[in-house]
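What follows is the residue order along each chain.
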Amino acid sequence: MVLTTALATSLSLAACGASNEGGNSADSTGSAEQLSGDLVGAGSSAQQAAMQAWQAGFNGEQPDVNVSYDPVGSGGGREQFLAEGGTDFAGSDSALDDEELTQATTRCGDAGVFELPNYISAIAVVYNLEGVDDLNLSPATVAGIFNGSITTWNDPAIAADNPDASLPSTAITPVHRADKSGTTKNFTDYLDQTAGDVWTAGVVEEWPTGGGEAANGTKGVIDAVKAGAGAIGYADESQAGDLGIAKIKVGDEFVAPSAEAAAAVVANSDRVEGRGEHDLAVKVNRTTESADEYPIVLVSYLIGCIQYDDQDKADLVKAFAGYVISEDGQEAAAKNAGSSPISDELRDQAQSAVDAITAGA
Amino acid sequence: MTTTDAPPAPPRPRRRPGDRIFAGSATGAGILILVVLAGVAAFLVSEAWPAVVAPAEDIPGGDGLTAYIAPLVFGTLLAAVIALLVATPLAVAIALYITYYAPPRLATLMGYVMDLLAAIPSIVYGFWGIAALAPALVPFYGWAEEHLGFLPFFAGPASVTGRTMLTAGLVLAIMILPIISAISREVFGQAPALHREAALALGATRWEMIRMAVLPYGRSGVIGGAMLGLGRALGETLAVALVLSGSGGITVNLIGQSNPSTIAANVALKFPESTGIEVNALIASGLALFVITFAVNMFARWIVNRRADFSGAN
């Protein structure tokens, strides 16, 4: 399957390459010249499927460049990138924190780092409840379910969100991730911001102990929800399969997760303040009121240096990052990993960051 | 001195290079294992130390290292004890059947199948547990909650996915079954024929013969096998990580959805995304497991040595 995707990607790339020849050099800086060398990255396992698509696609553009990516996890990826003589880039489900930014000036010099939101994925609230095909949930209800205070499906809080549904008295089994994960972090961030009075455990990567069922990885959560009558969990929207997907209350409406709505909420969110010009770390606007936006999203970043010591390395990173954020790259990731392609506006900002990548003087 | 008058000692056997190489490499191997063990212990202690001295709020969970590790130790022991309680009687029965009841050809076949069970990788047991055993046990858990709910083990609410401590314990039981039964089979087979025949000659039935001649002789072997199995159950990682829904604190409720996780499974699940002090905390939990396994082995050795005096072997 990976092979066919890779083939499809390189084919579509070839097609696009041909149509792009007239001009528009902005997003084809990479294909202007043939590069060669090794590019080493590590980090988020959430990005792994997308990264495979990018590796394959980029390989079609630059056959002599070998991009390797070790999905060690976001924390490990950031650590390896920041270490002396570390990896060339990192993939991370959260942006660098202040301490890491300080380390980054040692790693990358005063020019600092770029952080591009290269991977956006909607997190669906999936459930398994026979006879209920549509489920609407407000943030406080979701928080109540996952903190264990709402224990049956016919709870008044759920009934209030779903006046037309006939809800059984089945017990609710909330399923969460057993491993540390960026998905959990983004999900709890949503609960914390929208229903902070119900969800009191804060923003965590590791589910607070006590209550609920724990399952390993996205697949584990999906399997557990499938297996358990009355189970509910949160997982990548693309992996939900035939499970029920709850609509989440945004403003006055209930919104289902979709690629467009996920990309929209990121595009309309503010950047984290006090960061470098090319640091596009986003503070996702979880409390959005717009019904075009779906606020439970995972945003993952491509992190690298603005300035590399070595001209070749700078060219490689520039070309690869340029491909990742390009329409083709985002499309390939969407196909392989089910992610949401970033908006054009975000792409423009990211492109200017990519253009800024240089080799040190 | 008399020694000077003694006839000259027989000439020392000439040590050939082959002998020396063999003796040296054997000694080296013996020392190596000690060095490796000491190295592992030193690594664990040095890497765990930052977590030991860290302020309580830096440890995952925020309540200090003891509060972090205690439920894991409890879960590890609980799962292993369930496995042992289920597997040991079964393994002994299998071993007795193979050695004394089954027709020889069937016994050979069964011995082969049991050894095969030991060769199945643990992840396969994990998948089997999560895909087949757990769903199959869900109705039982519902029944147990309803009818046996007065026992703290079945207090419920019962899990709807079946990924409970009892399921994990049963998967572990099946994993350690071949180890215990293989060793039991060996020792039962070696029970002195004279004892057995004497028992039969005195008019004992086959069961009485086994009880009087075989079981006392094999007791230390069974215990040794059980401890080996316990060692594997304590350290089993993947199967538990897959099967167990480890999301809670200390509880003896075996059929609920929130169970204490085990040390090895917790490390496997949390390590990839951990950084800094969290890694140290995980390694500290690994150190705890190291100590537990060590204690179990010492205990087993002590039992085996003590029992050896009372068995029919002498």
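Everything below is about the structure printed above this text.
Residues numbered from 1 in each chain as written. Chains lettered and ligands numbered in written order. Predicted model: local features only at pLDDT ≥ 70, side-chain atom pairs only at ≥ 80, totals over all residues. Heavy atoms only, no water.

## Some points on the overall build of chain A
When you go through chain A residue by residue, the secondary structure sums to 13 helices and 16 strands. In terms of overall size, chain A behaves like a compact globule, its C-alpha atoms giving a radius of gyration of 21 Å where 361 residues would be expected to give roughly 21 Å. For the C-alpha atoms alone, the extent of chain A along its principal axes is close to 65 × 45 × 35 Å. Put simply, chain A has 361 residues, and 53% of those count as buried. (Helix = DSSP H or I, 4+ residues; strand = E, 2+ residues; numbered from the N terminus. Rg over C-alpha atoms; globule rule 2.2 N^0.38 Å. Buried < 20%, exposed > 50% of the residue type's maximum accessible area, 1.4 Å probe, protein only.)

## Points about the interface of chain A and chain B
Each partner contributes to the interface: chain A provides 28 residues, whereas chain B provides 22 residues. Of the roughly 1900 Å² buried where chain A meets chain B, counting both sides, 46% is carbon and sulfur surface. In terms of surface lost to chain B, no three residues of chain A exceed Lys180, Glu206 and Glu213 of chain A, which account for 28% of the buried area on that side. Taken together, the links from chain A to chain B amount to three salt bridges. A salt bridge links arginine 163 of chain B to glutamate 213 of chain A, with the nearest nitrogen and oxygen atoms 2.7 Å apart. Linking chain A with chain B are seven residue pairs in polar contact (both at pLDDT 80 or more). (Contact = heavy atoms within 4.5 Å. Buried area = accessible area lost by both parts, 1.4 Å probe. Salt bridge = Lys/Arg side-chain N within 4 Å of Asp/Glu carboxyl O. Polar contact = N/O pair within 3.5 Å; in protein donor to acceptor, adjacent residues only side chain to side chain.)

## Topic: the packing of helix H11 (residues 311-325) of chain A against helix H12 (residues 327-337) of chain A
Residue and element names in this part refer to chain A. Two elements in contact, H11 and H12, have axes separated by 4 Å at closest approach and are oriented at 60°. Taken together, the axes of H11 and H12 lie oblique to each other. Contacts from Tyr323, Val324 and Ile325 of H11 reach H12 at Glu327, Asp328, Gly329, Gln330 and Ala332. Split by residue class, the contact of H11 with H12 holds four nonpolar, two polar and two charged. (Axes fitted to C-alpha atoms, helices over the stretch in contact; angles between N-to-C directions. Parallel < 35°, antiparallel > 145°, perpendicular 65-115°, else oblique. Nonpolar A, V, L, I, M, F, W, Y, C, P; charged D, E, K, R; others polar.)

## Some details on helix H5 (residues 98-108) of chain A
All names here are of chain A. For H5, every residue scored as buried is listed here: Glu100, Ala104 and Cys108. The buried residues of H5 occupy one face: seen down the axis, they fall within an arc of 65°. Summarising the geometry of H5, the exposed residues directed more than 90 degrees from the buried face are Asp98, Glu99, Thr102 and Thr106. Looking at the buried residues of H5, the elements they touch are helix H4 (74-82), strand E4 (113-128), strand E14 (297-305) and strand E15 (307-308). Backbone geometry just after H5 places glycine 109 at a positive phi near 85°. (Arc of directions from axis to C-beta.)

## Some thoughts on helix H2 (residues 17-53) of chain B
The first and last C-alpha atoms of H2 of chain B sit 53 Å apart over 37 residues, in line with the 54 Å expected at 1.5 Å per residue. Along H2 of chain B, the residues that are buried comprise Leu44, Ala48 and Ala51 of chain B. (Expected span 1.5 Å × (residues − 1).)

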